[in-house]
Amino acid sequence: MSAETLLTEDDLNTLRQFDTCMISNAIETFDARLRNTGFADASIRCIFEDAAPLVGYAVTARLRSGDPPIVGGSFRDQGELWNRILEIPAPRILVLQDMDRPPGRGAFVGDMHAAILQALGCVGYVTNGAVRELPAVHAMGFQLFAGTVAVSHAYAHIFEVGAVVTVGGMEVRPRDLLHGDSHGILTVPKKVAAQVPAAARELQQAEKKIIDFCRSSAFSVAKLSEMMKAGR
């Protein structure tokens, strides 16, 4: 699959049927990247763990919240970001690398910006920084992955829209395909994305056989070793 080829809606729906751990396992079968890359580390947590798996294409930018503008009391114009979001195929996921040290001084996304992002075709937001107004955002069905929670937006402003960003050790480029759930979030290599569901289904079936055997009265270490070797 070429870098510009998009998955069909059926393909996206099929990806949503699997949890992110199984998607990660499936990606490994293609040797598309090192196994310790391509996913956010434990510093990034899923805020709404009861939500279904999230799939979408990344819109990237950087964020700062700690410093006030040189002129005026706040940063207001987000027109460039909104227009750039619409350049990315739907469904979209906004990914912001918070450049403050430490990140999370202010939260860019709360209920108002979640509503704006939804109107722009976004299904979620990923940041190493902060989010806020969680009950209202949850009620919208908008997913969040973040490093922390904050009460204020402080001086949140966006810059370098379209940059390659790093969030929780995960490098994200514009239009990257993302998959996330209660376990975390990862990028799905586009060259294997359409093949990942079939691989995930095969792995799921193989794992079920092992689990069922472990719960059965026929369990033995010798047989388990045999089954594990056969599955490699």
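Residues numbered from 1 in each chain as written. Predicted model: local features only at pLDDT ≥ 70, side-chain atom pairs only at ≥ 80, totals over all residues. Heavy atoms only, no water.

Trainee: What is the right way to read the packing of aromatic side chains from this model?
Mentor: Each aromatic ring pair is characterised by the separation of its centres together with the angle its planes make. Across all of its chains, the model carries 1 aromatic pair by this definition. A ring pair is formed by F213 and F219, whose centres lie 5.5 Å apart and whose planes are at 45 degrees; its orientation type is tilted. (Phe/Tyr/Trp six-rings, centres within 6.5 Å; stacked < 30°, edge-to-face > 60°.)

Trainee: Before we go on, may I ask you to explain the nonpolar core in this structure?
Mentor: Soluble globular proteins tend to bury their nonpolar side chains together. Membership of the largest hydrophobic core comes to 43 residues, with the highest contact counts inside it found for F108, Y125, L144 and L177. Counting residues per element, this core draws most heavily on strand β2 (residues 54-64), at 5 residues. (Core = buried A, V, L, I, M, F, W, Y, C linked by side-chain atoms within 4.5 Å. Buried < 20%, exposed > 50% of the residue type's maximum accessible area, 1.4 Å probe, protein only. Helix = DSSP H or I, 4+ residues; strand = E, 2+ residues; numbered from the N terminus.)

Trainee: What is the right way to look at the pairing of strand β13 (residues 184-188) in this model?
Mentor: For a regular strand, side chains alternate in direction, first toward one face of the sheet and then toward the other. Burial analysis of β13 places 5 of its 5 residues in the buried class, the great majority of the element. Because side chains alternate across β13, one face comprises the buried residues G184, L186 and V188, and the other comprises I185 and T187, equally buried.

Trainee: I'm lost on the pattern of salt bridges in this one. Help?
Mentor: In a structure, side chains of opposite charge can pair up when their charged atoms sit close to one another. In this structure the tally under the stated criterion is 8 salt bridges. With a shortest N-O distance of 3.5 Å, E28 and R35 are connected by a salt bridge. Residue R84 is joined to E87 by a salt bridge in which the shortest nitrogen-to-oxygen separation is 3.5 Å. Taking the relative accessible area as the measure of exposure, R84 reaches 28% and is therefore partly exposed. On the accessibility criterion, E87 (52% relative accessible area) is exposed. Ionic contacts of the salt-bridge type, sharing partners, join the residues E80, R84 and E87 into one network. (Salt bridge = Lys/Arg side-chain N within 4 Å of Asp/Glu carboxyl O.)

Trainee: Help me understand helix α2 (residues 20-28), please; the structure alone is not making it clear to me.
Mentor: The periodicity of an α-helix, 3.6 residues per turn, causes residues three or four places apart in sequence to face the same way. Every buried residue of α2 is accounted for by T20, M22, I23, A26 and I27. One side of α2 carries all its buried residues, which in axial view fall inside an arc of 155 degrees. If you check the start of α2, you find a side-chain oxygen 3.1 Å away from the backbone N of C21, and it comes from D19. (Arc of directions from axis to C-beta. Polar contact = N/O pair within 3.5 Å; in protein donor to acceptor, adjacent residues only side chain to side chain.)

Trainee: It is not clear to me how the confidence of the model for the protein should be interpreted in this structure. Could you clarify?
Mentor: When pLDDT drops low, the exact placement of atoms in the prediction is not to be read closely. Overall, the predicted model of the protein reaches an average pLDDT of 93, with 94% of residues at or above 70. Between residues 71-75, whose pLDDT stays under 50, and residues either more than four places distant or in other chains, the model counts 8 contacts. (pLDDT = per-residue confidence, 0-100. Contact = heavy atoms within 4.5 Å.)

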